[in-house]
Amino acid sequence: MRLPGEERGQRKRPLAGLVVVAVAVGYYLLGREIGHVDLQQLLEDIASTLGAWTYLLVGVFAFAETGAFVGLVVPGETVMLLGGAVAGQGAIDIYLLIAIAWFSAWLGDTTSFFVGRRLGRGFVMRHGPRVGITHERFERVEDYFSRHGGKTIFIGRWISLVRALAPFIAGSSEMRYRAFLPYSVLGTGLWASAHILIGYFFSRSVETAAKYAGRGAFLLATTIVVVVVGVVAVRHLKVEANRRAIVAWLGRHAATRWSVDLVRRFRPQLRFLWERVTPGGTFGLEFTSLMAILSVAGFVLVAYTVIVGGDPGPTPGDTTAVELVERLDAGWLVDIAKVFTGLGSFAVVGSLAFVCAAPLAARRRWAEFGVLVAGMVLIYIGVHELKDAVDRPRPEGGLIGVSGSSFPSAHAAYSTFYLWLAVTIVMRLRPGMARGAAVVAAGIALTALVGLSRVYLGVHYLSDVSAGWALGAAAFSLCAAVALVIVTVRQNGGRVAAGTGEDRK
């Protein structure tokens, strides 16, 4: 005998299935219609009609992909390709376009995430059963996002339907934003840059760009399927009974018996290799966070280097900053700026770095020691190499005596040491310390004030300072990522070596 609730559940299942089928069919038909659009003619119309307004068009669609769920209806790849093609024809700047698309896509992800955080769980619990999303199923989704949410956000960015919904689901499943953020930054940056650059390099034939983008999406989807199958296989093999059954089956057949003998012979070595390539703990989140910082900083540095290298004059942002400084002109602010600018000199920062390096070495904190030393060396080399390569004249009328090239700002680059020190203290040396957020905020403020003091004193453009900050952030994040990999591999190697020793006993 069926209960009334069970009868309602049975009636809802066909309805949920029909909804899913209708969405899939509509998505397929819409994709076919979009495929018949003359993209080359559309490009010419956009380039001649919109011009600089293309920035706004690309930004709106990049945001709306996830922020307004437009990706469920119109995939944003087409707009990114068209924007890149317009840039390829010289109507707009490619670096500014990527920056706008990247920021807008990340903002869309963040908006969708917090909408899901605000409305999602309660909304799903109330209305989900109408389309077959029961409480038990949603709890499984929450558990999945707690373990694999970051990877889903990153990989899902390349799949239209997943891209449109994943941030909302991540928020509604109560995934932490600090775990969501690095994967969103990295995913949106790669997604926007890849499609815009394809359109840029194939601006003479947008149809060709769309074809290559489609092939790339197919290869990516194939890779994802292979990875998923591999993950399922690994999980299946983690169960001892499953492993024994497979080994027994392989051992019963002459064609596969040799593989069992081979694995048994090299079992310690294979286990050692497996552990070295499968780091555990928080490695994934930390490494992805560092890669996100490196990608943003690297993009800013390369973009400004190319722009300033082609035209050493002030950028529109530099002009706006100069006008703002003129409005804030005051004698006491000049005195304060001179104090903060001194904190960014190599003499001061280098001395502080030496003072910090000594106790790190004494306490055998070799990872932090290596990041500090290697990061400062990379910054020093990068500053002088870029100054020689770009050779940008300094602004006229500076309030202190300076010499040499203006780009990038060495003081701004060196000042990132303060932020590195604050983050290292809070996350590595004193994890869980009281008022850790205040320490990091102080590091950010000091780094910002050193760089802005150079603009206020009229010895650097804002673009010089921004490039200096980017250089410092890129150097420290790169060194930290390398150190993290080395430490993780060594730790896993030590555990495996101990395990092989026990096996020998």
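All figures in this text were calculated on a predicted structure; none of them were measured in a lab.

*Asks:* Mind showing me how you'd approach the overall build of the protein chain here?
*Replies:* Of regular secondary structure, the protein chain possesses 20 helices and 0 strands. Out of the 505 residues in the protein chain, the part that is buried amounts to 37%. Counting contacts in the protein chain only where the partners sit at least 6 residues apart, residues at least 24 apart contribute 79% of the total. Taken as a whole, the protein chain presents about 28,000 Å² of accessible surface, with 67% of it coming from carbon and sulfur.

*Asks:* Can you walk me through the packing of aromatic side chains in this structure?
*Replies:* Aromatic ring pairs are described here by two measures, namely the spacing of the ring centres and the angle between the planes. If you walk through the whole model with that rule in mind, you get 13 aromatic pairs. On the basis of an interplanar angle of 25° and a centroid distance of 6.2 Å, the ring pair of Phe-417 and Trp-420 is categorised as stacked. Taken together, the positions of Phe-417 and Trp-420, both in helix H18 (residues 410–429) and 3 residues apart, correspond to about one turn of that helix. By the burial criterion, Phe-417 is buried, and Trp-420 matches it. Ring geometry for Trp-420 against Phe-476: centres 5.7 Å apart, planes inclined by 20°, an arrangement best described as stacked. In this pair, Trp-420 is assigned in helix H18 and Phe-476 in helix H20 (residues 462–504), connecting sequence segments 56 residues apart. Just as Trp-420 is buried, Phe-476 falls in that class too. Chaining the aromatic ring pairs together yields one cluster made of Phe-113, Phe-114, Tyr-177 and Phe-180.

*Asks:* Can you walk me through the side chain of Lys-387 in this structure?
*Replies:* Along the chain, Lys-387 turns up in helix H17 (residues 366–390). The buried charged residue Lys-387 lacks any salt bridge partner; its closest oppositely charged side chain belongs to Asp-464, at an N-O distance of 7.5 Å.

*Asks:* Please clarify how a nonpolar patch on the surface should be interpreted in this entry.
*Replies:* Residues Phe-346, Val-373, Val-377, Tyr-380 and Ile-381 make up a contiguous nonpolar surface patch of roughly 420 Å² in combined accessible area. No other element matches H17, which puts 4 residues into the nonpolar patch. Residue position: Tyr-380 is located in helix H17.

*Asks:* Sorry, what's going on with the environment of Ala-87 here?
*Replies:* Locating Ala-87 in the fold gives a position in helix H4 (residues 77–88). Relative accessible area serves as the criterion here: at 6%, Ala-87 is assigned to the buried category. Considered as a pair, Ala-87 and Ala-52 are 35 residues apart in the sequence and their alpha carbons are 9.7 Å apart.

*Asks:* How should the nonpolar core be read in this particular structure?
*Replies:* Looking at soluble globular proteins, one finds that nonpolar side chains tend to be buried together. In terms of nonpolar packing, the biggest core is built from 34 residues, with Val-371, Leu-372, Met-376, Ile-379, Phe-417 and Trp-420 touching the most fellow members. Broken down by secondary-structure element, the contributors of at least two residues to this core are helix H13 (283–310), helix H16 (346–362), H17, H18 and H20. Broken down by element, the residue count for this core peaks at 11 residues, all from H20. When residues no more than four places from it in sequence are discounted, the contact partners of Met-376 are Val-349, Ala-353, Tyr-414, Phe-417 and Phe-476. In this structure, Ile-92, Ile-94, Ile-98 and Ala-292 belong to the second largest nonpolar core, which totals 20 residues.

*Asks:* Explanation requested: the pattern of salt bridges in the structure shown.
*Replies:* Any two side chains of opposite charge can pair, so long as their charged atoms come close to each other. Counted under the stated rule, the structure contains 4 salt bridges. One salt bridge in this structure joins Arg-157 and Asp-109, with 2.7 Å as the shortest N-O distance. Taken together, the residues span a long stretch of sequence, with Arg-157 in the loop between helix H6 (135–156) and helix H7 (160–172) and Asp-109 in helix H5 (residues 94–127) at a distance of 48 residues. Accessibility assignment for this pair places Arg-157 and Asp-109 in one class, buried. Where Arg-392 meets Asp-464, a salt bridge forms, and the shortest distance between an N and an O atom there is 2.7 Å. On the criterion of sequence distance, the pair formed by Arg-392 in the loop between H17 and H18 and Asp-464 in helix H20 is long-range, its members being 72 residues apart. Neither Arg-392 nor Asp-464 differs from the other in exposure class; each is buried.

*Asks:* What is the right way to look at helix H14 (residues 316–327) in this model?
*Replies:* Along an α-helix, a turn takes 3.6 residues, which lines up residues three or four apart on a common side. Taking 1.5 Å as the rise per residue, H14 with 12 residues should run 16 Å; its terminal C-alpha atoms sit 17 Å apart, in good agreement. Those residues of H14 that fall on the buried side of the exposure criterion are Asp-318, Ala-321 and Val-325. Summarising the axial view, the buried residues of H14 lie within an arc of 60°, below the 170-degree limit, and thus occupy one face. Turned more than 90 degrees from where H14 packs its buried face, Pro-316, Thr-320, Glu-326 and Arg-327 sit exposed.

*Asks:* So what exactly am I meant to see when it comes to the confidence of the model for the protein chain here?
*Replies:* Counting all residues, the mean pLDDT for the protein chain is 78, and 70% of those residues have values of 70 or more. For the stretch residues 30–36, pLDDT sits under 50, and the model shows 5 contacts to residues farther than four places along the chain or on other chains. Scored below 50 in pLDDT, residues 276–281 shows 7 contacts in the model against residues more than four places distant or in partner chains.

*Asks:* Is there a simple way to explain helix H15 (residues 331–342) in this structure?
*Replies:* Along its 12 residues, H15 runs 17 Å from first to last C-alpha, staying within 8% of the 16 Å computed at 1.5 Å per residue. Every buried residue belonging to H15 is among Val-334, Ala-337 and Thr-341, and all of these are buried. For H15, the angular spread of the buried residues around the axis is 60°, confining them to a single face. In H15, the exposed positions that point more than 90 degrees away from the buried face belong to Trp-332 and Val-339. Of the surrounding secondary structure, the elements contacted by the buried residues of H15 are H18 and helix H19 (436–456).

*Asks:* Could you clarify how one ought to interpret the packing of H17 against H18 in this entry?
*Replies:* In a pair of packed helices, the angle between the axes and the distance between the axes together describe the arrangement. Contact pair H17 / H18: the axes reach a minimum separation of 10 Å and the direction vectors enclose 165°. By the angle between their axes, H17 is roughly antiparallel relative to H18. Crossing handedness for the pair H17 and H18: right-handed. Side by side, H17 and H18 meet where Glu-368, Val-371, Leu-372, Met-376, Ile-379, Tyr-380, Val-383, His-384 and Lys-387 of the first sit next to Ala-410, Ala-413, Tyr-414, Thr-416, Phe-417, Trp-420, Thr-424, Arg-428 and Leu-429 of the second. Across the contact of H17 with H18, the residue classes tally to 12 nonpolar, 3 polar and 3 charged.

*Asks:* Please explain the packing of H18 against H19 as it appears in this structure.
*Replies:* Contact geometry of H18 with H19 gives a least axis separation of 8 Å together with a crossing angle of 180°. Compared by their axis directions, H18 and H19 come out roughly antiparallel. On H19, the residues touching His-411, Ala-412, Ser-415, Thr-416, Tyr-418, Leu-419, Ala-422, Val-423 and Val-426 of H18 are Gly-436, Val-439, Val-440, Gly-443, Ile-444, Leu-446, Thr-447, Val-450, Gly-451 and Arg-454. In terms of residue class, the contact of H18 with H19 is built from 11 nonpolar, 7 polar and 1 charged.

Scoring rules and cut-offs
Residues numbered from 1 in each chain as written. Predicted model: local features only at pLDDT ≥ 70, side-chain atom pairs only at ≥ 80, totals over all residues. Heavy atoms only, no water. Helix = DSSP H or I, 4+ residues; strand = E, 2+ residues; numbered from the N terminus. Buried < 20%, exposed > 50% of the residue type's maximum accessible area, 1.4 Å probe, protein only. Contact = heavy atoms within 4.5 Å. Areas by Shrake-Rupley, 256 points an atom, 1.4 Å probe, with all protein chains shown as cover. Phe/Tyr/Trp six-rings, centres within 6.5 Å; stacked < 30°, edge-to-face > 60°. Lys, Arg positive; Asp, Glu negative; His and termini not counted. Salt bridge = Lys/Arg side-chain N within 4 Å of Asp/Glu carboxyl O. Patch = residues over 30% accessible without salt bridge, like charges linked within 9 Å, V, L, I, M, F, W, Y side chains within 5 Å. Core = buried A, V, L, I, M, F, W, Y, C linked by side-chain atoms within 4.5 Å. Expected span 1.5 Å × (residues − 1). Arc of directions from axis to C-beta. pLDDT = per-residue confidence, 0-100. Axes fitted to C-alpha atoms, helices over the stretch in contact; angles between N-to-C directions. Parallel < 35°, antiparallel > 145°, perpendicular 65-115°, else oblique. Left-handed = near helix turned anticlockwise from the far one by under 90°. Nonpolar A, V, L, I, M, F, W, Y, C, P; charged D, E, K, R; others polar.

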